[in-house]
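Structure assessment
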Amino acid sequence: EDFVVCAGCTRMSTGYEIQSRSQSKLFTLTDQTVLTAAGCMSDVTTLRRMLGAKLTQYEHSHATKMPSSAVAQLLSVTLYYRRFFPYYAFCMVGGIDEEGKGAVYGYDAVGSFKRDDYGCMGSGQNYIMPILDNLIGHKNRLDEKKPLSAEEVVAIVKDVFVIATERDIYTGD
């Protein structure tokens, strides 16, 4: 309800080689908004810098930080602008909206996005998403859905990363 949990592994790899074990895929955009991105790290870095410049311009023009929903729209427009030569970046934005509720926005490569309660991107998403659907989305379950605390969600996220790391060589650390 009033929180969002963003997580990512720190493994950067290509082929069967691990290039780095300390490359974060989480980037703070504002004090209430985080970008998570998987894909080509040079494209992700360029996209992050572009967003950073636009957010700084907004802050100087309006004397306030951009709200999470506006950051989500800004990322969509930025990705769509490059639709003919897209960034190889698969992004999610997590933040607290204007009503104080957690918001997660998932994107495709050309900027199409939707707000959701949870999501994941990257090579381990095939292992992670079914578990999130069951435990957080409460899909295909007959028992009553109960609200989860931030601590419970963090524990679930840690567990799904362990599962993905055991099964996907590109996820981990």
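This text gives an overview of the structure that appears in the document. None of these values were measured; they are calculated from a predicted model.

Sheet analysis places strand S6 (residues 102-107) next to strand S7 (residues 113-116), joined by 4 bridges and oriented antiparallel. Each residue of the ladder has a partner; that of Val104, found in S7, is Asp116.

Here the focus is the sheet that holds strand S4 (residues 33-39). Strands sit in the order S3-S4-S5-S6-S7 across an open sheet of 5 strands; the sheet is antiparallel. The sheet is open, and its two edges are formed by strand S3 (26-30) and S7, each paired on a single side. Here the average twist between neighbouring strands, direction ignored, is 25°. Where strand S5 (residues 89-96) meets S6, 5 bridges bridge the pair, whose relative direction is antiparallel.

Okay, unusual backbone geometry next. Its identity as a non-glycine residue notwithstanding, Ala63 has a phi of 55°, on the positive side. Assignment of secondary structure puts Ala63 in the loop between helix H1 (41-62) and helix H2 (68-81). Notably, His138 is not glycine yet its phi reads approximately 60°, a positive angle. Checked against the element boundaries, His138 lands in the loop between helix H3 (125-135) and helix H4 (150-167). For His138, a relative accessible area of 15% corresponds to the buried category.

Take H2 next. Here H2 is 14 residues long and its end C-alpha atoms lie 20 Å apart, about the 20 Å a rise of 1.5 Å per residue gives. Buried within H2 we find Ser68, Val71, Ala72, Leu74, Leu75, Ser76, Thr78 and Leu79. Residues of H2 that are buried make contact with S3, S4, H1, S5, S6 and S7.

Another aspect to go through is the layout of surface pockets. Taken as a whole, the second largest pocket encloses approximately 150 Å³ of empty space. Surrounding the second largest pocket, Met92, Gly106, Lys114, Asp116, Tyr118, Gly119, Cys120, Met121, Met129, Asp133 and Lys139 form its lining. Going through the elements one at a time, S7 and H3 are the ones with two or more residues in the lining of the second largest pocket. Residue composition of the lining of the second largest pocket, by class: 5 nonpolar, 2 polar and 4 charged.

Moving on to a nonpolar patch on the surface. Residues Tyr16, Ile169 and Tyr170 make up a contiguous nonpolar surface patch of about 370 Å² in total accessible area. By the secondary structure assignment, Ile169 is in the segment after H4. For Ile169, a relative accessible area of 44% translates into the label partly exposed.

Rules behind the numbers
- Residues numbered from 1 in each chain as written.
- Predicted model: local features only at pLDDT ≥ 70, side-chain atom pairs only at ≥ 80, totals over all residues.
- Heavy atoms only, no water.
- Pairing = 2+ DSSP bridges.
- Helix = DSSP H or I, 4+ residues; strand = E, 2+ residues; numbered from the N terminus.
- Axes fitted to C-alpha atoms, helices over the stretch in contact; angles between N-to-C directions.
- Buried < 20%, exposed > 50% of the residue type's maximum accessible area, 1.4 Å probe, protein only.
- Expected span 1.5 Å × (residues − 1).
- Contact = heavy atoms within 4.5 Å.
- 1 Å grid on protein atoms, 1.4 Å probe; cavity = no way out; pocket = protein on both sides within 12 Å on 5 of 7 lines; lining within 4 Å.
- Points joined across faces, edges and corners; volume = space filled by probe spheres on them.
- Nonpolar A, V, L, I, M, F, W, Y, C, P; charged D, E, K, R; others polar.
- Patch = residues over 30% accessible without salt bridge, like charges linked within 9 Å, V, L, I, M, F, W, Y side chains within 5 Å.
- Areas by Shrake-Rupley, 256 points an atom, 1.4 Å probe, with all protein chains shown as cover.
- Salt bridge = Lys/Arg side-chain N within 4 Å of Asp/Glu carboxyl O.

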